Amino acid sequence: MHRRTRALAALLLFVVLTGVAIGVSGARPALEQGAAPLLLQGLGYLCAITGGVLLLLGDVGRDRQLGLVVLAGTAVMAVVDALTAADVGANIGAGLVRLICLAVVGVVTARLAVALVADRRAGS
């Protein structure tokens, strides 16, 4: 499997795991979250880091830029989650930063998917 395809698979897995973590977290009362949402999100972050590193190791300069964006966004989300977990109260600003980073990683995932489809069509 090509490096870009594996990066896309890892980023899509990040999106799915983040959605599942949000769903599990939303289904439980705020003070009874447990470890499941944190574990799912942690696995998602590992997938995002894997996708970012695979893009960073690519031959195309544009892929390297996308890899840096994914790694930076993932790092910011992880720091925000760690700071939020340390403080039990809700923080609207941290939520907004996390949402922006999720959107950025989502856009990178979509761009990568479109680029892969275009490459396959051009090669066929």
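All values derive from a computational prediction rather than experimental measurement.

I'd like a rundown of the overall build of the protein chain, residues and numbers included.
A count of helices and strands for the protein chain gives 4 helices and 0 strands. Over its C-alpha atoms, taken along the principal directions, the protein chain stretches across nearly 55 × 20 × 20 Å. Counting only contacts in the protein chain whose residues sit at least 6 apart along the sequence, the fraction spanning at least 24 positions is 65%. Summed over all atoms, the accessible surface of the protein chain reaches about 7400 Å², with 72% contributed by carbon and sulfur. Here the protein chain contributes 10 positively and 6 negatively charged side chains, and the mean placements of these two sets differ by 11 Å.

How would you summarise the nonpolar core if you had to cite specific residues and measurements?
Soluble globular proteins: nonpolar side chains tend toward being buried together. Counting 21 residues, the largest nonpolar core has Leu-11, Phe-14, Leu-55, Met-77 and Leu-112 as its most contacted members. Secondary structure elements with two or more residues in this core: α1 (3–26), α2 (36–56), α3 (61–86) and α4 (92–123).

Now, about a nonpolar patch on the surface: what can you tell me, with residues and values included?
The grouping of Leu-39, Leu-43, Leu-46, Ile-49, Val-53 and Leu-57 at the surface amounts to a nonpolar patch, some 540 Å² of accessible area in total. Relative to the elements of secondary structure, Leu-43 occurs in helix α2. Exposure remark for Leu-43: the relative accessible area of 38% places this residue in the partly exposed category.

Describe the environment of Leu-102, and please don't skip the residues or the numbers.
Note that Leu-102 resides in helix α4. Put simply, Leu-102 and Val-69 are 33 residues apart on the chain and 11 Å apart in space, counted from C-alpha to C-alpha. The contacts of Leu-102, once residues within four sequence positions are left out, are Phe-14, Thr-18 and Met-77.

Please give an account of the pattern of salt bridges that cites residues and values.
Opposite charge on two side chains permits them to pair, given that their charged atoms come into close proximity. Enumeration over the complete set of coordinates arrives at 3 salt bridges. We note a salt bridge from Arg-4 to Asp-63, for which the minimum N-O separation is 3.0 Å. Within this pair, whereas Arg-4 is found in helix α1, its partner Asp-63 is found in helix α3, the two being separated by 59 residues in sequence. Given the relative accessible area of 14%, Arg-4 is considered buried.

About the thresholds
- Residues numbered from 1 in each chain as written.
- Predicted model: local features only at pLDDT ≥ 70, side-chain atom pairs only at ≥ 80, totals over all residues.
- Heavy atoms only, no water.
- Helix = DSSP H or I, 4+ residues; strand = E, 2+ residues; numbered from the N terminus.
- Contact = heavy atoms within 4.5 Å.
- Areas by Shrake-Rupley, 256 points an atom, 1.4 Å probe, with all protein chains shown as cover.
- Lys, Arg positive; Asp, Glu negative; His and termini not counted.
- Charge placed at Lys NZ, Arg CZ, Asp CG, Glu CD.
- Core = buried A, V, L, I, M, F, W, Y, C linked by side-chain atoms within 4.5 Å.
- Buried < 20%, exposed > 50% of the residue type's maximum accessible area, 1.4 Å probe, protein only.
- Patch = residues over 30% accessible without salt bridge, like charges linked within 9 Å, V, L, I, M, F, W, Y side chains within 5 Å.
- Salt bridge = Lys/Arg side-chain N within 4 Å of Asp/Glu carboxyl O.

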